[in-house]
Number of protein chains: 12
Amino acid sequence: MTDHHTYKKVEIVGSSKKSIEDAIENALAECAKSIHNMEWFEVVETRGHIVDSKVGHYQVVLKIGFKIMDS
Amino acid sequence: MTDHHTYKKVEIVGSSKKSIEDAIENALAECAKSIHNMEWFEVVETRGHIVDSKVGHYQVVLKIGFKIMDS
Amino acid sequence: MTDHHTYKKVEIVGSSKKSIEDAIENALAECAKSIHNMEWFEVVETRGHIVDSKVGHYQVVLKIGFKIMDS
Amino acid sequence: MTDHHTYKKVEIVGSSKKSIEDAIENALAECAKSIHNMEWFEVVETRGHIVDSKVGHYQVVLKIGFKIMDS
Amino acid sequence: MTDHHTYKKVEIVGSSKKSIEDAIENALAECAKSIHNMEWFEVVETRGHIVDSKVGHYQVVLKIGFKIMDS
Amino acid sequence: MTDHHTYKKVEIVGSSKKSIEDAIENALAECAKSIHNMEWFEVVETRGHIVDSKVGHYQVVLKIGFKIMDS
Amino acid sequence: MTDHHTYKKVEIVGSSKKSIEDAIENALAECAKSIHNMEWFEVVETRGHIVDSKVGHYQVVLKIGFKIMDS
Amino acid sequence: MTDHHTYKKVEIVGSSKKSIEDAIENALAECAKSIHNMEWFEVVETRGHIVDSKVGHYQVVLKIGFKIMDS
Amino acid sequence: MTDHHTYKKVEIVGSSKKSIEDAIENALAECAKSIHNMEWFEVVETRGHIVDSKVGHYQVVLKIGFKIMDS
Amino acid sequence: MTDHHTYKKVEIVGSSKKSIEDAIENALAECAKSIHNMEWFEVVETRGHIVDSKVGHYQVVLKIGFKIMDS
Amino acid sequence: MTDHHTYKKVEIVGSSKKSIEDAIENALAECAKSIHNMEWFEVVETRGHIVDSKVGHYQVVLKIGFKIMDS
Amino acid sequence: MTDHHTYKKVEIVGSSKKSIEDAIENALAECAKSIHNMEWFEVVETRGHIVDSKVGHYQVVLKIGFKIMDS
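This section reports on the structure supplied with the text. (Residues numbered from 1 in each chain as written. Chains lettered and ligands numbered in written order. Predicted model: local features only at pLDDT ≥ 70, side-chain atom pairs only at ≥ 80, totals over all residues. Heavy atoms only, no water.)

Accessible area lost upon the coming together of the parts is a frequently used measure of interface size. On the chain A side, the residues contacting the 14 residues of chain B number 13 residues. Three residues, Glu21(B), Glu25(B) and Phe41(B), lead the burial of chain B against chain A; their summed loss comes to 45% of the area buried on that side. On the surface where chain B and chain A come into contact, there are zero salt bridges. Where the side of chain B that touches chain A is concerned, the elements lending two or more residues are α1 (20–31) and β2 (38–51) of chain B. Of the residues that constitute the side of chain B that touches chain A, the class distribution is 10 nonpolar, no polar and four charged. (Contact = heavy atoms within 4.5 Å. Buried area = accessible area lost by both parts, 1.4 Å probe. Salt bridge = Lys/Arg side-chain N within 4 Å of Asp/Glu carboxyl O. Helix = DSSP H or I, 4+ residues; strand = E, 2+ residues; numbered from the N terminus. Nonpolar A, V, L, I, M, F, W, Y, C, P; charged D, E, K, R; others polar.)

For the rest of this paragraph, the subject is the relation of the copies chain F and chain A. The two copies are related by a screw operation: chain F maps onto chain A through 120 degrees of rotation and 0.0 Å of translation along the axis, at an RMSD of 0.0 Å. Read as a symmetry element, the transformation amounts to a three-fold axis. When C-alpha distances to the rotation axis are compared across chain F, the minimum falls at Val10(F), with a value of 4.6 Å. (Least-squares fit on C-alpha atoms with pLDDT ≥ 70 in both.)

For the pair chain B and chain A, the relating rotation is 120 degrees, the translation along its axis is 0.0 Å, and the fit reaches an RMSD of 0.0 Å. Here only 14% of the contact residues of chain B are again contact residues in chain A; the copies associate through non-equivalent surfaces.

On to the pairing of strand β1 (residues 7–16) of chain B, then. The side chains of a regular strand alternate between the sheet's two faces. In terms of residue burial, β1(B) counts as a mostly covered element, since nine of its 10 residues are buried. Where β1(B) and strand β3 (residues 54–67) of chain B come together, 10 bridges link them in antiparallel fashion. Within β3(B), the position partnered with Ser16(B) by the bridge is Tyr58(B). Bridge count between β1(B) and strand β1 (residues 7–16) of chain E: three bridges; the pairing is antiparallel. The residue of β1(E) that forms the bridge with Lys9(B) is Glu11(E). (Buried < 20%, exposed > 50% of the residue type's maximum accessible area, 1.4 Å probe, protein only. Pairing = 2+ DSSP bridges.)

When strand β2 (residues 38–51) of chain E meets strand β3 (residues 54–67) of chain E, the two strands line up antiparallel, connected through 12 bridges. Residue pairing across strands places Ile50(E) opposite Val55(E), the latter belonging to β3(E). Where β2(E) hands over to β3(E), the hairpin turn is made up of two residues, of which Asp52(E) adopts a positive phi near 55 degrees. With three bridges joining them, β2(E) and strand β2 (residues 38–51) of chain K adopt antiparallel strand pairing. Across the sheet, Trp40(E) pairs through a bridge with His49(K), a residue of β2(K).

The biggest cluster of nonpolar side chains holds 58 residues, and the ones touching the most others in it are Ile64(H), Ile24(I), Ile64(I) and Ile64(L). The contact partners of Ile64(L), leaving out residues within four places of it in the chain, are Ile50(H), Lys8(L), Lys9(L), Val10(L), Ile12(L), Leu28(L), Cys31(L), Met38(L), Trp40(L) and Phe41(L). (Core = buried A, V, L, I, M, F, W, Y, C linked by side-chain atoms within 4.5 Å.)

Residue and element names in this part refer to chain D. Inspection of the entire model under this criterion finds 24 aromatic pairs over all chains. Measuring from centroid to centroid gives 5.6 Å for Tyr7 and Trp40, while their planes differ by 70 degrees, and the two rings are edge-to-face. Within this pair, whereas Tyr7 is found in strand β1 (residues 7–16), its partner Trp40 is found in strand β2 (residues 38–51), the two being separated by 33 residues in sequence. Judged by its relative accessible area of 15%, Trp40 falls in the buried class. (Phe/Tyr/Trp six-rings, centres within 6.5 Å; stacked < 30°, edge-to-face > 60°.)

Now for the side chain of His57(B). Tracing the chain through its elements places His57(B) in strand β3. A polar contact of 2.8 Å, which involves the side chain of His57(B), links it to the backbone oxygen of Asp3(D). If we skip the residues at most four places from it in the chain, His57(B) touches Ser15(B), Ser16(B), Lys17(B), Arg47(B), Gly48(B), His49(B), Asp3(D) and His4(D). (Polar contact = N/O pair within 3.5 Å; in protein donor to acceptor, adjacent residues only side chain to side chain.)

There is no contact between chain B and chain J; across them, the least C-alpha separation is 22 Å. One thing to see here is that chain C and chain L don't touch, and their nearest C-alpha atoms sit 22 Å from each other.

What follows covers helix α1 (residues 20–31) of chain I. Its 12 residues place the ends of α1(I) 17 Å apart at the C-alpha level, agreeing with the 16 Å of an ideal helix rising 1.5 Å per residue. Those residues of α1(I) that fall on the buried side of the exposure criterion are Ile20(I), Glu21(I), Ala23(I), Ile24(I), Asn26(I), Ala27(I), Leu28(I), Glu30(I) and Cys31(I). (Expected span 1.5 Å × (residues − 1).)

What follows is about the pattern of salt bridges. All names here are of chain K. Under the criterion given, the structure shown has 72 salt bridges over all chains. A salt bridge links Glu45 to Arg47; the shortest N-O distance between them is 3.0 Å. Classification of Arg47 by relative accessible area gives buried; the value is 14%.

A few words now on the interface of chain F and chain A. In this assembly, 12 residues from chain F lie in contact with 15 residues from chain A. Carbon and sulfur atoms make up 48% of the surface buried where chain F meets chain A, a total of about 1100 Å² over both sides. Together, His4(F), Thr6(F) and Lys9(F) form the three largest contributors to the area buried by chain F at its contact with chain A, with a combined 41%. Between chain F and chain A we count two salt bridges in total. Two residues, Glu11(A) and Lys9(F), come together in a salt bridge whose shortest N-O distance is 3.6 Å. Our count for the chain F to chain A interface comes out at six residue pairs in polar contact (both at pLDDT 80 or more).

So this is what it looks like as structure tokens:
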């Protein structure tokens, strides 16, 4: 057993018609299908598409950190 | 007809007493009075006024991109 | 009486299980215990903890500006 | 009447042979010919031309913010 | 006649199927329809769409500077 | 079927003896071997090796975005 | 007695109707009421309010460094 | 009891004749005299004085985060 | 055989109780379990946890570059 | 005779007890002793020493550009 | 003989009427008159002059790295 | 005798097989062969080569400041 940990960060873009928070949750839900033990996220960029002069989709660029597990 | 497009980006500050998302929608609604065919936005900065130790207004600085139409 | 003012900015991290806006309000409420006359805030960074593949806490790093009062 | 405002920011380069402050004032004076109700400026960049090993012109890049008025 | 000049910078996105340089020229050609006396450009960002694993369009975000003329 | 999409961004360095555009195309061609449905790229950095006082290789650091497909 | 020193940096916004330099001096004078042994400053941001198309106040955001004294 | 925490970040410059790590430890030791419950640090800048063409002191600018405790 | 190479960069956080250099080596050792032919690293961020007013762990965020091999 | 020019940029720190503009002029005057044909400058950083709670010296970090002459 | 090397980086602006790549090559060719053993370059900024609504000159700001040779 | 000083900053890359601090010292030692009176350094970037999944060389990019002496 080691006394230190190693983490990997991946860059993901989540989207939502509803809110910035929902776009973040959507990104996490999608990543959860292949990455377990996600620990934190950092918002890198917030943007979106405009449809009929309203927000069509919020797009939130995240970095997601997770522990690399020893095999 | 050309096979490429040109876009312009303008920098707008929207505000709202309610939420960051509402400040973005307010900015888009105001811009829609003079700019048609807005396509995307990028959040540049999020800030706000404080009134009585609470958020008075959220202020969201956006860049809004729209296609320049041929006359 | 002077014709100019001086402000100080402090860097605070607010958190919330609910939303980015709530994390900002929580930071302001906590600061209000020791700082009066807060005037504006600037969001410096938005991040959070992930619990069971969902957002556990939003963490919003703010700079908060307030007027330095003459004694 | 709304309870929120929308602002636009434009990027202007003022110049002056005398000083940085004078270059800022020159930019504001020129903008005042077409923009009313300017509210704030932010200095983005300070630079200049050199003539005979002295400052020929200061050039100050500003963002100028003004309220978008309802028609 | 004044001894100083004022410039405005606008942010434009040019695109091209061919090259980065062509995207810049396309942006300038489109702007020339409404802006005369453009003097310089600065590349802010270079990106593009991918179609069938190849570059579909280069998209170059430019700031374009031009002198504000006295009327 | 969902009403939102999730994207991943990977950071790739393409190189070419010929041009910046060719380095971008080389990066895309190499990625296409393992990633399908690439949608956009962003140039992060442009650099290169120098051989005999000429450009030996252009090296272009890209972020490449692609949709994460539901299984 | 130690062979090293520790410094703290605080972020202050000074203002002046006259000049950028005067706004810096005003910030230092105000800080001197509570902080002794200030050693250096760094200009972080220069901005201002506009009144009647002229500079109303220059606002200069500074970081001010001072030695933490052993008690 | 609340379900969220608030943190403050202060900016400190530690120094050491020996190493970057030692400069960090010196900054923490000095801060510990007035701040309890420090939780994390972020290195903002690494620099130093040069004496006789060797490093005289390493100077490491840190942000230090600590929980604001309810009274 | 081609006359150019393609590289991928991954973002990894290494940690160590001892030093910044050791945190970097730990990150490389962990990555070596799945990535061969790593060629270079870039330090993106240096931070750490504080335990009892001392550094508990250094955490070093790295980008690690490696050649993508033709199959 | 060529149809293009090559410039070099050097980074210089000028200082003055009086003003930011004077620190810039002092830097140019000193550089003029070894560099002829300086063409432009860019302010990179503005800072200073504090003496008795007042500005002791303004220190302005400049990049100075000059044409490389063919021999 | 040492087991390590020291490099210097200089900042150069190359220009060309033709292309970004040609501006880079022109900068390298000019530097080769006084600097031998240049090893790599990094593009810092891409800009240009506009003449008659077309690119007059591309101007590419480079950092060029070269090994410092022991005498 | 003047009441102000002018400094120049040069950008140097030091390397070492041992540590970040040693790479800094190596850069200073090499520069000392041609530059006297170096006063301070700023770390701009830390990176390195990887050999056999370990750090081969640390490479530290520094800016080194020194006073320009009157002749």
